[in-house]
Amino acid sequence: MQAFQLIPRRTIILAISAVTILVVVFKFYGDVPMDYYRNYGPAEFLAPVEIDNTTPQPGYFKFQPEWNFDVPPQAKGWKGYAKTPRNRDVVVLTASDGGGHNSAIPNVLGRVLEDRQQYCDKHGYTNLWLNTSRYDIGEAHRTWSKIPAVAEAFHLHPNAEWVWLIDTDIIIMSPDYDLANQILSPAAIQQGLMRGTPILDGQLKKNPTNIFTPKKFRVEDIDVLITQDHQSVNTGSTFFRRTAFTRWLLEMMTDYTMLMGKDHVGAEQDAIKHLMLEHPLVRNHVGIYPQRKFNAYVQGGDNMGYRDGDLLVHFAGCWVANKCGGWFEEFWDKRGHADAWRPEGSQ
Ligand SMILES: *[C@@H]1O[C@H](CO)[C@@H](O)[C@H](O)[C@H]1NC(C)=O
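No experiment lies behind these values; they were computed from the predicted model shown.

Conventions and cut-offs
Residues numbered from 1 in each chain as written. Predicted model: local features only at pLDDT ≥ 70, side-chain atom pairs only at ≥ 80, totals over all residues. Heavy atoms only, no water. Helix = DSSP H or I, 4+ residues; strand = E, 2+ residues; numbered from the N terminus. Buried < 20%, exposed > 50% of the residue type's maximum accessible area, 1.4 Å probe, protein only. Contact = heavy atoms within 4.5 Å. Areas by Shrake-Rupley, 256 points an atom, 1.4 Å probe, with all protein chains shown as cover. Core = buried A, V, L, I, M, F, W, Y, C linked by side-chain atoms within 4.5 Å. Salt bridge = Lys/Arg side-chain N within 4 Å of Asp/Glu carboxyl O. Near = heavy atom within 4 Å. Polar contact = N/O pair within 3.5 Å; in protein donor to acceptor, adjacent residues only side chain to side chain. Nonpolar A, V, L, I, M, F, W, Y, C, P; charged D, E, K, R; others polar.

**Focus on the overall build of the protein chain**
Thought 1: Counting its regular elements, the protein chain contains 11 helices and eight strands.
Thought 2: Counting every position in the protein chain, which comprises 347 residues, the buried fraction comes to 48%.
Thought 3: A separation of at least 24 residues holds for 71% of the contacts in the protein chain among residues at least 6 apart in sequence.
Thought 4: Carbon and sulfur atoms make up 56% of the accessible area of the protein chain, which totals about 17,800 Å².

**Brief notes about the nonpolar core**
Thought 1: Ranked by internal contacts, the top residues of the largest apolar core, which has 42 residues, are L93 and L249.
Thought 2: When residues in this core are grouped by element, the largest group, seven residues, is from helix α4 (residues 146-156).
Thought 3: One finds A82, Y119, Y177 and F294 within the second-largest nonpolar core, a separate group that totals 27 residues.

**Some remarks on unusual backbone geometry**
Thought 1: The phi angle at N210 is positive, at roughly 55 degrees, despite the residue not being glycine.
Thought 2: Here N210 falls in the exposed class, since its relative accessible area comes to 60%.
Thought 3: Positive phi is not limited to glycine here, since A267 has a value of about 45 degrees.

**Points about the pattern of salt bridges**
Thought 1: Inspection of every chain in the model, using the stated rule, returns 15 salt bridges.
Thought 2: Ionic pairing is found between D115 and R335, a salt bridge with its closest N-O pair at 3.0 Å. Residue D115 is found in helix α3 (residues 108-123), and its partner R335 is found in the segment after α11 (324-334); the two are separated by 220 residues along the sequence.
Thought 3: One salt bridge in this structure joins K273 and D270, with 3.8 Å as the shortest N-O distance. Here the residue K273 and the residue D270 both occupy positions in helix α9 (residues 267-278), the gap between them amounting to three residues, near one helical turn. An identical accessibility class is assigned to K273 and D270; each is buried.
Thought 4: Salt bridges here are not isolated pairs; linked through shared partners, they connect K146, D167 and E268.

**What to know about the site of the ligand**
Thought 1: Surrounding the ligand, one finds N53, T54, T55, P56, W129, N131, S133 and R134.
Thought 2: A distance of 2.6 Å separates an oxygen atom of the ligand from a polar atom in the backbone of T54.
Thought 3: At a separation of 3.2 Å, an oxygen atom of the ligand approaches a polar backbone atom of P56.
Thought 4: Its free accessible area being 360 Å², the ligand has 55% of it covered by the protein chains.
Thought 5: Of the residues in the shell around the ligand, the class split is two nonpolar, five polar and one charged.

And the structure:
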């Protein structure tokens, strides 16, 4: 008699079934987005967001409820904050009153907002404009009011994981660009951030700070993503993650006694630069991407200036040469074009 004939038939059938189930489970395990379901609870906030973009806020900006926006007590999921956000949890924030030097460009705010709406619709991001004239920021320069807008964006969209603050003088040139995977995902952050790069305070040659971005970092600690031009970090295009650190950073940046109430030419940009230069803690949480990743300027060399295929073009500093209008129209017509193209006069 052969050995298997001694085993009861039921046991054989059970064994084969068990093996089959295991094979099926292992085969399809990778197809089930476990992280997706593990990290996001079903208790979603569903009430429509109500934005009053016309009435001035009642009282000083720091007394507004938005400064108390919720942050998770700790990171959800076993990888902590290191996870790719869902597209709808990315808010594209235009914080502006439509004035300033941008008024050289006809109806600039309306046009970029409509364009950003299309970009958001295409990917499922949330488009948001906040009128920064509503904030009472005391005697400080109006540019500071971008910071209360970031807080308000988190407050208005309780599910937002990332807020992308972009200036009005920016045109999205590559509407197919996927923010979640190419900028915000753990892999993108891991590979993309600049390690051991000098943090600038004016031109490096003239003023070597001898302060560098960390060589080692943990993706889950990176709460702010920013870029640096040839002189300084630039807040024209900055990503903020909803974390306790981000809340703390926004509070510190707008500290009236030490920063906001003082004479800083670069306003909120000087504030974050200063905090990065002075505090290793801040350097560990603010990641610097190569500039053209999400803040290419209309003019500049290969590290700085827009090249075909870049996500966006930023008309930083164009009012100095009074060229905003002309350059804006040129790029406006070319946005979304995949063919090779570069405006006349750029390098
Ligand atoms: C922005 O807010 C200010 C102050 O509340 C208001 O006067 C202005 O009309 C608003 N601008 C727009 C375009 O709604």
